[in-house]
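Okay, here's what each chain looks like letter by letter:
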Amino acid sequence: MRGLFITFEGGEGSGKTTQIQRLKIWIEKNCEKFSLCVTREPGGTDDAEAIRGLLLTGSIQKWQPATEAMLVSASRHEHVVHVIQPALQRGHIVICDRFIDSTHIYQGFVGGISGEVLDGLDKLSCNGLVPDLTLLLDVDSNVGLARTVERGGSEGRFEAKGEAFHQKVRQGFLARAKKEPNRIIKIDAARPLDDVSRDVISIVKELLTAHGFKIKEPNR
Ligand code: T5A
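How each quantity is defined
- Each chain has its residues counted from 1, following the order in which its sequence is written.
- Thresholds applied to this predicted model are a pLDDT of at least 70 for local features of residues and 80 or more for the giving and counting of side-chain atom pairs; totals over whole chains, interfaces and linings are not thresholded and use all residues.
- Calculation of side-chain values draws on the structure's entire complement of heavy atoms; hydrogens and water are dropped beforehand.
- Only DSSP runs of H or I reaching four residues or more are called helices, and only runs of E reaching two or more are called strands; each is numbered from the N terminus.
- Both definitions apply: the radius of gyration is a C-alpha atom measure, and the globule rule equals 2.2 Å times residues to the power 0.38.
- Any two residues having at least one pair of non-hydrogen atoms within 4.5 Å are treated as being in contact.
- Salt bridges are defined as contacts in which a side-chain nitrogen from Lys or Arg sits within 4 Å of a carboxyl oxygen from Asp or Glu.
- Throughout, exposure labels follow a simple rule: accessible area from a 1.4 Å probe, protein chains only, divided by the maximum for the residue type, with under 20% read as buried, over 50% as exposed, and the rest as partly exposed.
- Only strands that DSSP links by at least two bridges are regarded as paired with each other.
- Axis lines are fitted through C-alpha atoms, for helices just across the contact stretch, and the angle between N-to-C directions can take any value from 0 to 180 degrees.
- Crossing handedness: left-handed means the near helix sits turned counterclockwise from the far one by under a right angle, and right-handed means the same turn made clockwise.
- We call Asp, Glu, Lys and Arg charged. Ala, Val, Leu, Ile, Met, Phe, Trp, Tyr, Cys and Pro are nonpolar, and the rest, Gly among them, are polar.
- By convention in these notes, a residue is near a molecule or strand provided one of its non-hydrogen atoms lies within 4 Å of it.
- Identification of polar contacts relies on pairs of N or O atoms within 3.5 Å, with a donor-acceptor requirement for protein atoms, meaning one able to donate a hydrogen and the other able to accept it, and with residues adjacent in sequence counted only if both atoms are side-chain atoms.

*Asks:* Looking at this structure, how should I read the overall build of the chain?
*Replies:* Scanning the chain from N- to C-terminus turns up 9 helices and 7 strands. Relative to its length of 220 residues, the chain is compact, with a C-alpha radius of gyration of 17 Å against a globular reference of 17 Å. Reported as C-alpha extents along the three principal axes, the dimensions of the chain are approximately 50 × 35 × 30 Å. Long-range contacts, defined as pairs at least 24 residues apart, comprise 78% of the intrachain contacts of the chain with a sequence gap of at least 6.

*Asks:* How should the pattern of salt bridges be read in this particular structure?
*Replies:* It is possible for side chains of opposite charge to pair when their charged atoms get near one another. Going through the model one piece at a time under the given rule, you end up with 15 salt bridges. Ionic pairing is found between aspartate 194 and arginine 22, a salt bridge with its closest N-O pair at 2.9 Å. Of this pair, aspartate 194 sits in helix 9 (residues 193–210) while arginine 22 sits in helix 1 (residues 16–30), and the two are 172 residues apart along the sequence. Judged by relative accessible area, aspartate 194 falls into the partly exposed class, the value being 48%. Overall, arginine 22 belongs to the partly exposed group, its relative accessible area being 29%. Taking the shortest distance from any N to any O, the salt bridge between aspartate 101 and arginine 176 comes out at 2.6 Å.

*Asks:* Looking at this model, I keep getting lost on the sheet that holds strand 5 (residues 133–138). Mind explaining?
*Replies:* What holds strands together in a sheet is hydrogen bonding between their backbones, with the strands either parallel or antiparallel. Spatially, 5 strands are ordered 3-4-1-5-6 in an open sheet, and the strand pairing comes out parallel. With partners counted over all chains shown, the strands left at the sheet margins are strand 3 (36–40) and strand 6 (184–188), one partner each. Taking the axes of each pair of neighbouring strands and ignoring which way they run, one obtains an average angle of 20° across the sheet. Across 5 bridges, the pairing between strand 5 and strand 6 is parallel. Bridge pairing in strand 6 links threonine 134 to isoleucine 184.

*Asks:* Explanation requested: the packing of helix 4 (residues 100–110) against helix 5 (residues 115–126) in the structure shown.
*Replies:* Working note: a packed helix pair is described by the angle between its axes plus the distance between those axes. Between helix 4 and helix 5, the least distance of the axes is 11 Å, while the angle of their chain directions is 145°. Considering the relative orientation of helix 4 and helix 5, their crossing is right-handed. Contacts between helix 4 and helix 5 involve Ile100, Thr103, His104, Gln107 and Gly108 from the former and Gly115, Leu118, Asp119, Asp122 and Cys126 from the latter. Here the residues of the contact of helix 4 with helix 5 sort into 3 nonpolar, 5 polar and 2 charged.

*Asks:* Looking at this structure, I do not really get unusual backbone geometry. What am I missing?
*Replies:* Leave glycine aside and you will find that most residues have negative phi; peptide bonds, for their part, are mostly trans. Of the consecutive residues glutamate 41 and proline 42, the connecting peptide bond is found in the cis state with omega at -10°. Along the chain, the position of proline 42 falls in the loop between strand 3 and helix 2 (46–56). We note that arginine 98 has phi near 75°; this positive angle belongs to a residue other than glycine. Among the secondary structure elements, arginine 98 is positioned in the loop between strand 4 (93–97) and helix 4. Residue classification places arginine 98 among the buried residues on the basis of a relative accessible area of 13%.

*Asks:* When you look at the site of the ligand in this model, what are you seeing that I'm missing?
*Replies:* Neighbouring the ligand are 28 residues; Glu12, Thr17, Thr18, Thr103 and Arg151 lie closest to it. Between the ligand and arginine 191, the relevant distance is 2.9 Å, taken from a nitrogen atom to a main-chain nitrogen or oxygen of the residue. Those elements that provide at least two residues to the shell around the ligand are helix 1, helix 2, helix 3 (65–89), helix 4 and helix 6 (141–151). Taken together, the residues of the shell around the ligand sort by class into 7 nonpolar, 10 polar and 11 charged.

What follows is the structure, encoded as structure tokens:
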């Protein structure tokens, strides 16, 4: 059985990392006979993480959007070839924090690189791999910012890009979800964590069941 490839997308502070951790715990508790690979982009291999370092450290306007698109695609190819595809071929469930949709939004919709060019880079970097399911965590960018400020860490970089940038990111994700409704499912991520988790788990549970993964009965 080929595994399942699930990606999480959304703006900064939308809760992707938190929901992925919660989903991981749920799968470990409730799924029978599975192997799980939780990973992220940019990154996921030592070399791809090194490219992440180039992209995300230092000045926020260091790279041209085209350079960013090529760097994320280069890191993605390493990640796909060395981590994601081998795991899927072994029947594993792969959960990835950001994937191709982020490139189409940050470097494409916002950065101005054409969809055609990015589709070409996807072809080169992904070997035809497309997620089985993408969960888009949608939240107002000011709410996302407030969360990252409260958490601490990357909020300086987030704030520096400005409100208009983050609003455009949100609009880009929403437009892409409309174009691909069978793959991308939007979840209202402005609600409390437990409500968002309930939706995430319910959607993933349905997909796992449809693909033959066994879910334990609630009272076992
Ligand atoms: N990028 C990436 C590109 O430009 N092109 C690409 O192709 C790719 C793949 C990645 C950057 O790279 C760019 C996009 C990004 O700018 P990153 O640091 O990995 O940088 O940024 P994010 O992925 O956005 O990570 P964040 O940590 O900022 O956001 P998350 O993971 O969505 O949010 P999370 O889970 O860490 O939550 C943030 C805080 O909010 C709280 C959490 O507890 C946490 O404290 N929270 C909630 N609080 C209340 N209610 C809820 N529902 C909450 N959900 C979370």
